[in-house]
There are 2 protein chains.
Amino acid sequence: MTDPADDLIPSVFARDCTSRGVMNNVTGRWGGLALAALHDGAFRFNALRRRVDGVSEKMLAQTLQALERDGLVHREVQATIPPRVEYTLTPLGARVAAKLIELIELLEGEVDQVQSAREEYDREHPAPVR
Amino acid sequence: MTDPADDLIPSVFARDCTSRGVMNNVTGRWGGLALAALHDGAFRFNALRRRVDGVSEKMLAQTLQALERDGLVHREVQATIPPRVEYTLTPLGARVAAKLIELIELLEGEVDQVQSAREEYDREHPAPVR
């Protein structure tokens, strides 16, 4: 039997599409930063946690697990004593990370423009006095 | 007086950098989808809500407000009866949306690969019996 869903074109705009879920993992609060960090090379867990400033141990572990399940991150346990666990990007993860880096570089480069927009918005929309 | 922070190079990896906040708005659960939808043209609120399948009225309003404050989305109230509110991208918003579209098209195009990775992962990591 053919699943009718096989004929649908994937769309992140559809709430049940697999691509929506992947997008949430890739662009979630920590997923994008983890992928972007790994774009620079392999990381051990604690080094990655230092790089992704502000993430908790639990959130980073969950983030990496979701990205590993999606086939974007590879987790390798090396047979050293103690065992060393290293995270790298898969080929698909590297393609996704490259797109994220482009987005990040654009945002980092336009921070001043965003800051000005925020100041203007806050002047025009003063917070109500409580 | 010069603020020492003015000398820092913006980095999304730093938890207090403005660019981190913008990235969260742009890639948050609904921000990315709203920007990508607006890449197709102007939307009124309810039409945008139908396009971004699954978003609540409250979350979409909050998302659009954050994007407007960041200078990525323009909100225009037209003097019709009843007033018509339309959302469009600013020039910077259009540049950000274009990067997001590239990322989305990559993910939508590789959904089968992600699905296979998930099935393999789930076979190798069976859920514990409760």
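In this text, all values refer to a predicted model and were calculated from it rather than measured experimentally.

## Here we look at the interface of chain A and chain B
Contacts between the two partners involve 52 residues from chain A and, on the opposite side, 52 residues from chain B. Contact with chain B buries area across many residues of chain A, yet A:Phe13, A:Arg69 and A:Arg118 alone supply 15% of it, more than any other trio. Summed over the shared surface of chain A and chain B, the number is 10 salt bridges. Among the salt bridges present, the one from A:Glu110 reaches B:Arg95, with a minimum N-O distance of 3.1 Å. The tally of links between chain A and chain B comes to 23 residue pairs in polar contact (both at pLDDT 80 or more). Counting residues per element, the ones that place at least two in the side of chain A that touches chain B are helix H1 (18-27), helix H2 (31-38), helix H4 (57-69), helix H5 (91-109) and helix H6 (111-124) of chain A. Element by element, the count of residues in the side of chain A that touches chain B is highest for H5(A), at 11 residues. For the side of chain A that touches chain B, a count of residues per class yields 23 nonpolar, 14 polar and 15 charged.

## Structural notes on the pattern of salt bridges
Residues and elements named next belong to chain A. Summed over the entire model, instances satisfying the criterion amount to 16 salt bridges over all chains. The salt bridge partner of Asp40 is Arg51, with a shortest N-O separation of 3.9 Å. Placement of the pair is Asp40 in the loop between H2 and strand S1 (43-44) and Arg51 in helix H3 (residues 45-51), with a sequence separation of 11 residues. With a relative accessible area of 57%, Asp40 lands in the exposed category. Judged by relative accessible area, Arg51 falls into the partly exposed class, the value being 32%.

## Side note on the sheet that holds strand S3 (residues 84-89) of chain B
Residues and elements named next belong to chain B. Taken in spatial order, the 3 strands make up an open sheet running S1-S3-S2, and their pairing is antiparallel. Pairing within the sheet leaves two strands with one partner each, and these edge strands are strand S1 (43-44) and strand S2 (73-78). Pairing of S2 with S3 involves 6 bridges; the strand directions are antiparallel. Bridging from a neighbouring strand, Glu76 pairs with Glu86 of S3. Sitting on the sheet, helix H2 (residues 31-38) is in contact with S1, S2 and S3, with an inclination near 95° to S3.

## What about the packing of H6(A) against helix H4 (residues 57-69) of chain B?
Between H6(A) and H4(B), the shortest axis-to-axis distance is 8 Å and the interhelical angle comes to 115°. In terms of their interaxial angle, H6(A) and H4(B) are classed as roughly perpendicular. Residues A:Val114, A:Ala117, A:Arg118, A:Tyr121 and A:Asp122 of H6(A) touch H4(B), and the partners they reach there are B:Gln65, B:Glu68 and B:Arg69.

## Some thoughts on the UniProt feature "coiled-coil region" (unreviewed entry) in chain A
When the UniProt feature table is mapped onto this chain numbering, "coiled-coil region" (unreviewed entry) sits at residues 97-124 of chain A. This span, residues 97-124 of chain A, is 96% helix and 0% strand, and a straight line between its end C-alpha atoms measures 37 Å.

## Some thoughts on the side chain of B:Asp70
Examined against the element boundaries, B:Asp70 turns out to sit in the loop between H4 and S2. Beyond its immediate chain neighbours, meaning those up to four positions away, B:Asp70 contacts A:Val114, A:Ala117, A:Arg118, B:Val22 and B:Asn25.

## Re the nonpolar core
Across soluble globular proteins, you tend to see nonpolar side chains buried next to one another. The biggest cluster of nonpolar side chains holds 68 residues, and the ones touching the most others in it are A:Val26, A:Leu35, A:Val96, B:Val26, B:Leu35 and B:Val96. Excluding residues that lie within four positions of it along the chain, A:Leu35 makes contacts with A:Val26, A:Leu67, A:Leu72, A:Val73, A:Leu89, A:Val96, A:Ala97 and A:Leu100.

## A word on the packing of H1(A) against helix H5 (residues 91-109) of chain B
Where H1(A) meets H5(B), the axes come as close as 9 Å, and the angle between the chain directions of the two elements is 130°. For the element pair H1(A) / H5(B), the angle class is oblique. The element H1(A) and its partner H5(B) pack so that their crossing is right-handed. Residue-level contacts link A:Ser19, A:Val22, A:Met23, A:Val26 and A:Thr27 of H1(A) to B:Leu103, B:Ile104, B:Leu107 and B:Glu108 of H5(B). Here the contact of H1(A) with H5(B) is built from residues that sort into 6 nonpolar, 2 polar and 1 charged.

## A short note on the relation of the copies chain A and chain B
When chain A is fitted to chain B, the residual RMSD is 0.0 Å, and the transformation amounts to a turn of 180° plus an axial shift of 0.0 Å. Such values leave the two copies arranged in the relation of a two-fold axis. If distances are taken from each C-alpha of chain A to the rotation axis, the shortest is found for A:Thr27, at 2.6 Å. Take the interface residues of chain A: 100% of them recur as interface residues in chain B, which is what a same-surface contact looks like.

## A word on the sheet that holds strand S2 (residues 73-78) of chain A
All names here are of chain A. Across the sheet, 3 strands lie side by side as S1-S3-S2; this open sheet has antiparallel pairing. With one partner strand each, in any of the chains shown, S1 and S2 form the two edges of the open sheet. In this structure, S1 lies alongside strand S3 (residues 84-89), joined through 2 bridges in antiparallel fashion. Considered in S3, the bridge of Phe43 is made with Tyr87.

How each quantity is defined
- In this convention, every chain numbers its residues from 1, walking through the sequence in written order.
- Chain letters and ligand numbers both follow the written order, the letters beginning at A and the numbers at 1.
- Only residues with pLDDT of 70 or above have their local features reported here, since the model is predicted, and side-chain atom pairs are shown and tallied only from 80 upward, although totals for entire chains, interfaces and linings are computed over all residues.
- The basis for every side-chain value is the complete set of heavy atoms in the structure, and neither hydrogens nor water enter the calculation.
- Only heavy atoms matter for contacts: two residues are in contact if any of them lie within 4.5 Å across the pair.
- Note on terms: buried area is the combined drop in 1.4 Å-probe accessible area of two parts once they are placed together, counting the loss on both.
- One side-chain nitrogen of Lys or Arg within 4 Å of one carboxyl oxygen of Asp or Glu is enough to make a salt bridge.
- Here a polar contact is taken to be a pair of N or O atoms separated by no more than 3.5 Å, where protein atoms must pair a possible hydrogen donor with a possible acceptor and residues adjacent in sequence count only if both atoms sit in side chains.
- The helix and strand labels rest on DSSP assignments: H or I over at least four residues marks a helix, E over at least two residues marks a strand, and numbering proceeds from the N terminus.
- Under the scheme applied here, ten amino acids are nonpolar (Ala, Val, Leu, Ile, Met, Phe, Trp, Tyr, Cys and Pro), four are charged (Asp, Glu, Lys and Arg), and all others, including Gly, are polar.
- Relative accessible area decides the class of each residue, using a 1.4 Å probe on protein chains only: under 20% of the type maximum gives buried, over 50% gives exposed, and in between gives partly exposed.
- Here, a strand pair is defined by DSSP locating no fewer than two bridges between the strands.
- For every element, the axis is a line fit to its C-alpha atoms; helices are fit only across the contacting stretch, and the angle between N-to-C directions ranges from 0 to 180 degrees.
- The scheme is simple: roughly parallel for angles under 35 degrees, roughly antiparallel for over 145, roughly perpendicular for 65 to 115, oblique for anything else.
- UniProt positions are given in the numbering used here, feature names are shortened, and annotations may be inferred rather than shown by experiment.
- In plain words, nonpolar cores are sets of buried Ala, Val, Leu, Ile, Met, Phe, Trp, Tyr and Cys residues tied together by side-chain atoms within 4.5 Å.
- Throughout, a crossing is termed right-handed when the near helix is turned clockwise from the far one, and left-handed when it is turned anticlockwise from it by less than a right angle.
- Copies overlap after least-squares fitting; the atoms used are the C-alpha atoms of residues with pLDDT of at least 70 in both.

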